[in-house]
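For reference, the chains in residue letters:
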Amino acid sequence: MMRFILPLVIFLVLSSFLYVGLSLDPREVPSPLIGRTAPAFSLPLLQDSNKQFSSQDMKGQVWLLNVWASWCTACKDEHPVLMDLAQRNIVPILGLNYKDKREEGEAVLRKSGDPYMLTVFDADGKIGFDYGVYGVPETYVIDRQGVIRDKVIGAVNPQNLRERILPLVEELKKK
Amino acid sequence: MKRFLSILLLVLPVFAIADEARDMADNPVIERRMINLAEKVRCLVCQSENVASSRSDWSNDVRQIMRDKMIAGASDQEIMDLLVERFGKSVLFDPPVDKETIPLWGGPFVLLLLGVGVLLFQLRRRRAIVTEPSLTPEAAHQAAVLLEEEEGKS
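Residues numbered from 1 in each chain as written. Chains lettered and ligands numbered in written order. Predicted model: local features only at pLDDT ≥ 70, side-chain atom pairs only at ≥ 80, totals over all residues.

Undergrad: Explain the overall build of chain B to me, please; I cannot follow it from the model alone.
TA: Looking only at helices and strands, one finds 6 helices and 0 strands in chain B. For chain B, the α and β elements follow one another from N to C terminus as α-α-α-α-α-α. Every one of the 154 residues in chain B was classed for burial, and the buried ones make up 14%. Long-range contacts, defined as pairs at least 24 residues apart, comprise 41% of the intrachain contacts of chain B with a sequence gap of at least 6. (Helix = DSSP H or I, 4+ residues; strand = E, 2+ residues; numbered from the N terminus. Buried ≥ 20, exposed ≤ 12 C-beta atoms within 10 Å, placed from the backbone. Contact = placed C-beta atoms within 7 Å.)

Undergrad: What should I look at first to understand the environment of Ala155(A) in this one?
TA: All names here are of chain A. Positionally, Ala-155 belongs in the loop between strand E7 (148–153) and helix H5 (158–174). Here the alpha-carbon distance between Ala-155 and Thr-139, two residues 16 residues apart in the chain, equals 8.2 Å. Dropping the residues within four chain positions of it, Ala-155 is found in contact with Ala-74, Asp-77, Glu-78 and Pro-137.

Undergrad: Honestly, the sheet that holds strand E6 (residues 138–142) of chain A in this entry has me stumped. Any pointers?
TA: Strand pairing in a sheet takes place through backbone hydrogen bonds and is either antiparallel or parallel in direction. All names here are of chain A. A sheet is described by the order of its strands in space; here 5 strands give the open sequence E5-E4-E3-E6-E7, paired in mixed fashion. With one partner strand each, in any of the chains shown, strand E5 (118–122) and E7 form the two edges of the open sheet. Across the sheet, the mean angle from the axis of one strand to that of its neighbour is 20 degrees, orientation sign disregarded. Inspection of the sheet shows strand E4 (residues 93–98) paired to E5 by 5 bridges, in the parallel sense. If you follow Leu-94 over to E5, its bridge partner there is Leu-118. (Pairing = 2+ DSSP bridges. Axes fitted to C-alpha atoms, helices over the stretch in contact; angles between N-to-C directions.)

Undergrad: What is the right way to look at the pairing of E4(A) in this model?
TA: If a strand is regular, its side chains alternate between the two faces of the sheet. Residues and elements named next belong to chain A. In terms of burial, E4 is largely enclosed, as 6 of its 6 residues are buried. Side chains Ile-93, Gly-95 and Asn-97 of E4 all project onto a buried face; the interleaved residues Leu-94, Leu-96 and Tyr-98 project onto the opposite face, where all are buried too. Pairing analysis gives 5 bridges linking strand E3 (residues 63–68) to E4, with the strands arranged parallel. Among the inter-strand pairings, Asn-66 is bridged to a residue of E4, identified as Gly-95. Of the crossover connections in this fold, the one passing from E3 over helix H2 (residues 73–88) to the parallel E4 is right-handed. Handedness of the crossover joining E4 and E5 through helix H3 (residues 102–112) is recorded here as right-handed. (Right-handed = clockwise from strand over helix to strand, strands pointing away.)

Undergrad: Explanation requested: the pairing of E6(A) in the structure shown.
TA: Residue and element names in this part refer to chain A. Judged by how many residues are buried, E6 sits mostly within the fold: 5 of 5 residues are covered. The alternating pattern of E6 places Glu-138, Tyr-140 and Ile-142 on one face and Thr-139 and Val-141 on the opposite face, and all of these are buried. Two elements, E6 and E7, share 5 bridges in a ladder whose sense is antiparallel. Its bridge partner being in E7, Glu-138 is matched across the sheet by Ile-153. In this structure, the hairpin formed by E6 and E7 is closed by a connection of 5 residues, where Gly-146 is found at a positive phi of approximately 85 degrees.

Undergrad: Sorry, what's going on with the nonpolar core here?
TA: Note that soluble globular proteins tend to have their nonpolar side chains buried in a common cluster. All names here are of chain A. Grouped together as the largest cluster of nonpolar side chains are 53 residues, with contacts concentrated most on Leu-64, Leu-65 and Tyr-140. Take this core: its biggest share by element is 5 residues, from E3. In this view, Leu-65 contacts Leu-94, Leu-96, Thr-139, Tyr-140 and Ile-142; residues no more than four positions away in its chain are not counted. (Core = buried A, V, L, I, M, F, W, Y, C linked by C-beta atoms within 7 Å.)

Undergrad: Honestly, the interface of chain B and chain A in this entry has me stumped. Any pointers?
TA: Interfaces are often described in size by the accessible area the parts lose on coming together. In this complex, chain B contributes 11 residues to the contact, which on the side of chain A involves 10 residues. Secondary-structure elements contributing two or more residues to the side of chain B that touches chain A are helix H3 (57–71) and helix H4 (76–87) of chain B. When the residues that make up the side of chain B that touches chain A are grouped by side-chain class, the tally is 5 nonpolar, 3 polar and 3 charged. (Nonpolar A, V, L, I, M, F, W, Y, C, P; charged D, E, K, R; others polar.)

Undergrad: Just to check I follow, could you spell out H5(A) for this structure?
TA: Residues spaced three or four apart along an α-helix face the same direction, because each turn holds 3.6 residues. Spanning 17 residues, H5(A) covers 23 Å between terminal C-alpha atoms, matching the ideal 24 Å at 1.5 Å per step. At Ile165(A), H5(A) shows its maximal bend, which comes to roughly 35 degrees, and the proline Pro167(A) appears one to four places after that position. (Expected span 1.5 Å × (residues − 1). Bend = angle between axes of the 7 residues up to and from the residue.)

Undergrad: Before we go on, may I ask you to explain the packing of helix H2 (residues 28–38) of chain B against H3(B) in this structure?
TA: To describe two helices that pack against each other, one gives the angle between their axes and the distance between the axes. All names here are of chain B. Two numbers describe how H2 lies on H3: the axes approach to 10 Å, and their chain directions differ by 130 degrees. Judged on the interaxial angle alone, H3 and H2 are oblique. Relative to H3, the crossing made by H2 is right-handed. Counted together, Ile-30, Arg-33, Met-34, Leu-37 and Ala-38 of H2 and Arg-63, Met-66, Arg-67, Met-70 and Ile-71 of H3 form the full contact between these two elements. Split by residue class, the contact of H2 with H3 holds 7 nonpolar, no polar and 3 charged. (Parallel < 35°, antiparallel > 145°, perpendicular 65-115°, else oblique. Left-handed = near helix turned anticlockwise from the far one by under 90°.)

Okay, structure coming up:
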């Protein structure tokens with residue numbers, strides 16, 4: 001009997017390890033910033049370099065910070081999803097144009113639409129570094145107190161929007 | 001003209017070097033310190049490479065930040081702490097032993113113990129099989145009789 005059970009147990013253990021291991025994305029490194037206060041920033045707007053925007057102005061609101069760039073291909077995938085979300089008026093999306101060229105970033109928004117409440121311009125990526133950005137796009141869910149509650153690495157798609165981002169936003173809005 | 005062209009050709013590679021040089025700090029001591037430190041940091045974009053050898057954009061940025069911080073007088077430890085604070089312990093190739101990383105450090109030993117356990121179990125079972133008398137007295141007697149018969153025939 002043992003002779004059959006042992007290989008079966010080994011097989012089950014191995015396959016469960018593989019199942020979990022292979023479905024994990026090694027690029028998805030858990031952010032230590034979740035549960036911490038979002039780094040404050042004050043940056044010029046993408047479309048108007050004379051105007052500054054400070055993250056302090058978002059206090060009291062639940063909001064999304066979406067890090068994007070014109071050179072990032074996955075950002076093009078998530079763009080229509082963000083456009084759709086913006087139209088539904090559920091949560092303000094703040095754009096952080098990361099290590100981009102001003103004209104090129106502006107051109108993207110002019111050409112394919114602007115889902116952002118406003119976009120700040122982080123030319124040298126200093127603020128991106130503060131937020132622990134290493135892959136673009138990244139999206140942060142930030143609560144009324146200015147605490148980062150979640151971080152989505154990679155494109156926002158209808159699925160993670162529906163199952164992960166929006167339920168959290170609704171929950172945070174109730175508080 | 002020919003001479004001018006050949007000089008131009010000789011000079012051409014200099015431009016290639018000039019582009020690379022952008023990556024260097026003016027201070028070779030800082031540069032060496034930075035490379036030493038960067039070797040201990042995982043490139044999060046390329047995962048199994050370290051920041052010192054990676055050519056990714058993200059690693060370039062991290063190296064530049066290390067340089068800036070070093071020039072500003074930060075210690076290696078302060079820079080590492082900053083990186084861990086931003087990107088988590090997974091940026092370290094040699095993470096400290098704590099609650100979060102104990103499976104990482106302890107896992108191999110647990111597996112080793114498990115392996116030794118299985119080995120001991122198997123060895124004990126095998127010994128039990130081997131020490132079983134290979135011949136019962138009756139069988140030995142039977143064999144002796146058969147052998148005698150064989151001898152009697154020849």
